[in-house]
Amino acid sequence: MNKLRGSVLSRRTRSGAAMTAVRISTAAAAGAVALAVAALTGAAPAAADSKAAAGSWVCSGAPVQSGHVITDHDPYGCGGLGSWYNQPVRDGIWTCGGSPVVPGYVLTNHDRNGCRGVGTWYQRLVKDGIWTCGGSPVVSGYVTTRHDRNGCSGVGSWYQRLAKDGLWTCGGSPIPPGYRTTSFDRHGCDGVGSWYLTRA
């Protein structure tokens, strides 16, 4: 009886080892194929969560997840109601008109024909000395100091700077906490008028 049990266990062990070997061999082959594809295309093998990182289609009216933006539109999606492609924001991404602007980002370019005719806006992380489109948010701690009425594909653009003592700011620019304006130049900021910024 013990010999029979030992024989059965031995066969099971050999079978399990064989299956493990097959799994390892299959995984290795899949890895080799992925590396070969990467070598031929120049693309890195996809991470396990790349599908989630890429985003997803949602029906019109669905909320946009925090930190995500809308980058494409299908007017025939969701049974004809229309659908929108949401994906995580990144520095330098075209987003459809109506997409949220993620905190810390600004709009720096516009294409009225983008997003299948809806229009697109280019989102960038804010930095000191960046031209932004009219309607772009002004990030906390920043002020607008110049204006180009023809910029941003005709929308008009504004130059954003980190607030500091001695800047001339455009009319309508936010005044960050700890600052005040003291003088006015009605010819400044491309005719919009400008105010002199100083520490309070």
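For the structure itself, look to the data block above.
Residues numbered from 1 in each chain as written. Predicted model: local features only at pLDDT ≥ 70, side-chain atom pairs only at ≥ 80, totals over all residues. Heavy atoms only, no water.

Strands belonging to one sheet form pairs held by backbone hydrogen bonds; the direction of such a pair is parallel or antiparallel. An order of E1-E3-E2 is seen for the three strands of this open sheet, with the pairing classed as antiparallel. A strand with exactly one partner marks an edge of an open sheet, and here the two such strands are strand E1 (56–59) and strand E2 (68–74). Recorded for the sheet is a direction-independent mean angle of 35° between the axes of neighbouring strands. Where E2 and strand E3 (residues 83–88) come together, six bridges link them in antiparallel fashion. By the bridge assignment for E3, aspartate 72 is matched with tyrosine 85. (Pairing = 2+ DSSP bridges. Helix = DSSP H or I, 4+ residues; strand = E, 2+ residues; numbered from the N terminus. Axes fitted to C-alpha atoms, helices over the stretch in contact; angles between N-to-C directions.)

Per the counting criterion, the structure on display carries five aromatic pairs. With 5.1 Å between their ring centres and 50° between their planes, tryptophan 94 and tyrosine 122 make a pair best called tilted. Of this pair, tryptophan 94 sits in strand E4 (residues 93–96) while tyrosine 122 is found in strand E6 (residues 120–125), placing the two residues 28 residues apart along the sequence. Tryptophan 94 gets classed as partly exposed once you look at its relative accessible area, which sits at 35%. Where phenylalanine 184 meets tryptophan 195, the ring centres are 4.5 Å apart and the plane angle is 40°; that geometry is what we call tilted. One end of the pair, phenylalanine 184, is in strand E11 (residues 179–185); the other, tryptophan 195, is in strand E12 (residues 194–199), and eleven residues separate them in sequence. The exposure class assigned to phenylalanine 184 is partly exposed, which follows from its relative accessible area of 45%. Owing to a relative accessible area of 35%, tryptophan 195 belongs among the partly exposed residues under this scheme. The ring of tyrosine 159 carries arginine 146 above its face, with NZ or CZ at 5.2 Å from the centroid. (Phe/Tyr/Trp six-rings, centres within 6.5 Å; stacked < 30°, edge-to-face > 60°. Buried < 20%, exposed > 50% of the residue type's maximum accessible area, 1.4 Å probe, protein only. Lys NZ or Arg CZ within 6 Å of the ring centre and 35° of its normal.)

This part covers the pattern of salt bridges. This structure, assessed with the given rule, holds four salt bridges. With its nearest N and O atoms 3.2 Å apart, the salt bridge here joins arginine 116 to aspartate 72. Remark: aspartate 72 occurs in strand E2 and arginine 116 occurs in the loop between strand E5 (105–111) and E6; sequence separation between them is 44 residues. According to the relative accessible area criterion, arginine 116 is exposed, its value standing at 54%. For aspartate 72, a relative accessible area of 21% translates into the label partly exposed. Close ionic contact of arginine 124 with aspartate 91 constitutes a salt bridge, the shortest N to O distance being 2.9 Å. You can see arginine 124 sitting in strand E6 and its partner aspartate 91 sitting in the loop between E3 and E4, a full 33 residues away along the chain. (Salt bridge = Lys/Arg side-chain N within 4 Å of Asp/Glu carboxyl O.)

Moving on, we get to the sheet that holds strand E9 (residues 157–162). In space, the three strands of this open sheet follow the order E7-E9-E8, with antiparallel pairing throughout. Looking at which strands have only one partner, the edges of the open sheet turn out to be strand E7 (130–133) and strand E8 (142–148). Along the sheet, successive strands turn relative to each other by an average axial angle of 40°, direction set aside. Pairing geometry for E7 and E9, over four bridges, is antiparallel. Bridge assignment links cysteine 133 to a residue of E9, and that residue is serine 157.

So, to be careful, I would describe these as geometric facts and stop short of saying anything about function.
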